[in-house]
Amino acid sequence: MGDAPAPDSPPRSRSPAAGSRPRASDEGGPEVEPSPAQRRVRARAASPVAVPKLSLRFGVADSVGRRPYQEDRHAIINPLLLPGERLPTADLTYAAVFDGHSGAAAADAAAARLHLLLAAELATGAGTDISTGAGVASAFDAAFAALDLEILAAARAASSRAGAAAVAALFSGARLHTAHAGDARAVLGRSGGVASRLTEDHKPGAPRERARVLAAGGRVEFSGCWRVITGWSPCGTRPPAGLAVSRSLGDLDFKAPSPLVSATPDVAATALAPGDGPLILASDGLWDVVSDQGAVDAALECLRGAKADGGGGDSAALAAAALVRAAGAAGSADNVCVVVVDLVWG
């Protein structure tokens, strides 16, 4: 509430604009009626501003590579409903890729559960406002932590060593949130086709990750690549193990009794604008052999070609398949899973 004017400071009066007519006010003094030109100016200023509409098209492709079986998984939930909803009250869409290792159990659990845990946190988290993005990072943190506990409990019961790297994307209108743990990666094509990496691989050799592992009592050694090393197992019967990521879901050997490997994701928000796209989520089977820019270029070429041929509805799937083939042609022997999200601006 503003301060009242001082008694010795009478309100300033303005002269009527040319062409306007004075009219009586409720307070007895003359009140200036806007001229037709002024009314037109005000009407133009109040006109709504057109906001470009964003729609999403999804495509997914995967390959076992030269591995004996496929451990990568994905999830696409459109729309993402909050608990108790039958119709969406928020404009939310979710997509994720999970790069499993030492078995597919952790990736299976993540594909089935992460979006449900995230939706529950978004609905109940203190201070969460989806319309502004407030609290989304905390919701992802809590969802990853809860999922990790579920996977570890199942691993203890089954004597499993399974783990998974994860990258997830949450679209809220033209705002994109990404969360990841491990070396599954999100790359966005910005306006003009320039690749922008939205995630930073959690590798044990990275200074920040190495410092955290060492502070937790772990070791980081080079064996083909930098690895987190543990010299014990929960049952005391396994030899020292090495893990090529410093954050993951599951991986019981590296979580108890001391969490050498973390399940805490890095979360980022990106404002999308017309011309942005596509978004590529993929396991390291792609990123180990194809550059960020190379992936965006290949996806855009496929998307544009498919649309020119009248196949726009399948363009994202064709782009995902093209990236999987590119990984194989570049020599990837690993499992590959790719989700391509085509951002269609209207």
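Quick look at the structure, then. (Residues numbered from 1 in each chain as written. Predicted model: local features only at pLDDT ≥ 70, side-chain atom pairs only at ≥ 80, totals over all residues. Heavy atoms only, no water.)

## A look at the overall build of the protein chain
What counts is decided by this rule: Secondary structure follows DSSP: runs of H or I at least 4 residues long count as helices, runs of E at least 2 residues long count as strands, and numbering of each begins at the N terminus. Contact criterion: two residues are considered in contact whenever any of their non-hydrogen atoms come within 4.5 Å of each other. Throughout, the Shrake-Rupley method with a 1.4 Å probe supplies accessible areas, and for residues the shown protein chains are the sole cover considered.
Of regular secondary structure, the protein chain possesses seven helices and 16 strands. Considering only intrachain contacts with a sequence separation of at least 6, the fraction spanning at least 24 residues in the protein chain is 66%. When the accessible area of the protein chain is evaluated, it comes to approximately 17000 Å², of which 55% is carbon and sulfur surface.

## Concerning the environment of I77
Let me state the cut-off plainly: Think of it in three bands: residues with accessible area under 20% of the maximum for their type are buried, residues over 50% are exposed, and the middle band is partly exposed, with areas taken using a 1.4 Å probe on protein chains only.
By secondary structure assignment, the location of I77 is in strand β4 (residues 72-77). According to the relative accessible area criterion, I77 is partly exposed, its value standing at 22%. In this structure the C-alpha to C-alpha distance between I77 and L116, which are 39 residues apart in sequence, comes to 10.0 Å.

## Points about the packing of helix α2 (residues 105-124) against helix α3 (residues 136-158)
Formally: Note on method: axes are straight lines fitted to C-alpha atoms, helices fitted across the in-contact stretch only, with angles between N-to-C directions ranging 0 to 180 degrees. Note on angle classes: values under 35 degrees are labelled roughly parallel, values over 145 roughly antiparallel, values of 65 to 115 roughly perpendicular, and the remainder oblique. A crossing counts as left-handed when the near helix is turned anticlockwise from the far one by less than a right angle, and as right-handed when that turn is clockwise. Each residue is assigned to one class: nonpolar for Ala, Val, Leu, Ile, Met, Phe, Trp, Tyr, Cys and Pro, charged for Asp, Glu, Lys and Arg, and polar for all the others, Gly among them.
At a closest axis distance of 8 Å, the pairing of α2 and α3 adopts a crossing angle of 140°. Looking at the two axes, α2 sits oblique to α3. Crossing hand, α2 versus α3: right-handed. Along its contact with α2, which presents A106, A109, A110, R113, L114, L117, L118, E121 and L122, the element α3 presents V136, A139, F140, A142, A143, F144, A146, L147, E150 and I151. A per-class count over the contact of α2 with α3 returns 16 nonpolar, no polar and three charged.

## Focus: the pairing of strand β9 (residues 194-197)
Formally: The rule for pairing is simple: two strands pair if DSSP sees at least two bridges between them.
In the sheet, strand β8 (residues 185-190) pairs with β9 via four bridges, with the strands oriented antiparallel. Counted as the bridge partner of G189 is A195 from β9. In this structure, the hairpin formed by β8 and β9 is closed by a connection of three residues, where G192 is found at a positive phi of approximately 90°.

## Brief notes about the layout of surface pockets
This is how it is decided: Site definitions follow a grid-based scheme: protein atoms alone, a 1 Å grid, a 1.4 Å probe that fits but cannot get out for cavities, and for pockets an open set with protein on both sides within 12 Å along at least five of seven lines, plus lining residues having an atom within 4 Å of a point. Grid points are joined across faces, edges and corners, and a volume is the space filled by probe spheres set on the points.
Each pocket or cavity is described by its volume, and for the largest pocket that value is around 490 Å³. As for the largest pocket, its lining consists of 24 residues, and the residues nearest its centre are H101, S102, R227, L243 and A244. Looking at side-chain class alone, the lining of the largest pocket contains eight nonpolar, four polar and 12 charged residues. Size it by volume and the second largest pocket reaches roughly 270 Å³. What lines the second largest pocket is a set of 18 residues, and nearest its centre among them are L54, S55, D91, G173 and A174.

## With respect to the packing of aromatic side chains
The description of two aromatic rings rests on the distance between their centres and on the angle between their planes. The test is simple: Side-chain rings of Phe, Tyr and Trp (the six-membered ring for Trp) are treated as a pair once their centres are within 6.5 Å; stacked means planes under 30 degrees apart, edge-to-face means over 60, and tilted covers the remaining angles. Whether a charge sits over a ring depends on NZ of Lys or CZ of Arg being within 6 Å of the ring centre and within 35 degrees of the ring normal.
Within this structure, the stated rule accounts for two aromatic pairs. With centroids separated by 5.4 Å and ring planes inclined at 80°, the aromatic side chains of F222 and W226 adopt a geometry described as edge-to-face. Classification of W226 as partly exposed rests on a relative accessible area of 37%. Looking at R210, its charged tip hangs above the ring of W226, at a distance of 4.5 Å from the centre.

## Looking at the sheet that holds β8
Sheet strands pair by backbone hydrogen bonding; their relative direction is either parallel or antiparallel. Taking strand neighbours across the sheet as the criterion, the five strands line up as β3-β16-β15-β8-β9 in an open arrangement whose pairing is antiparallel. Each edge of the open sheet is held by one strand with a lone partner, namely β3 (54-63) and β9. This sheet shows a mean twist of 20° between the axes of neighbouring strands, independent of strand direction. Sheet topology places β3 next to strand β16 (residues 336-345); 10 bridges connect them, and they run antiparallel. Across the sheet, residue L56 finds its bridge partner in β16, namely L343. Packing of helix α7 (residues 315-329) onto the sheet brings it into contact with β3, β15 (279-282) and β16, and relative to β3 it is tilted by some 35°.

In short, the description is geometric, and any link to function would need to be established separately.
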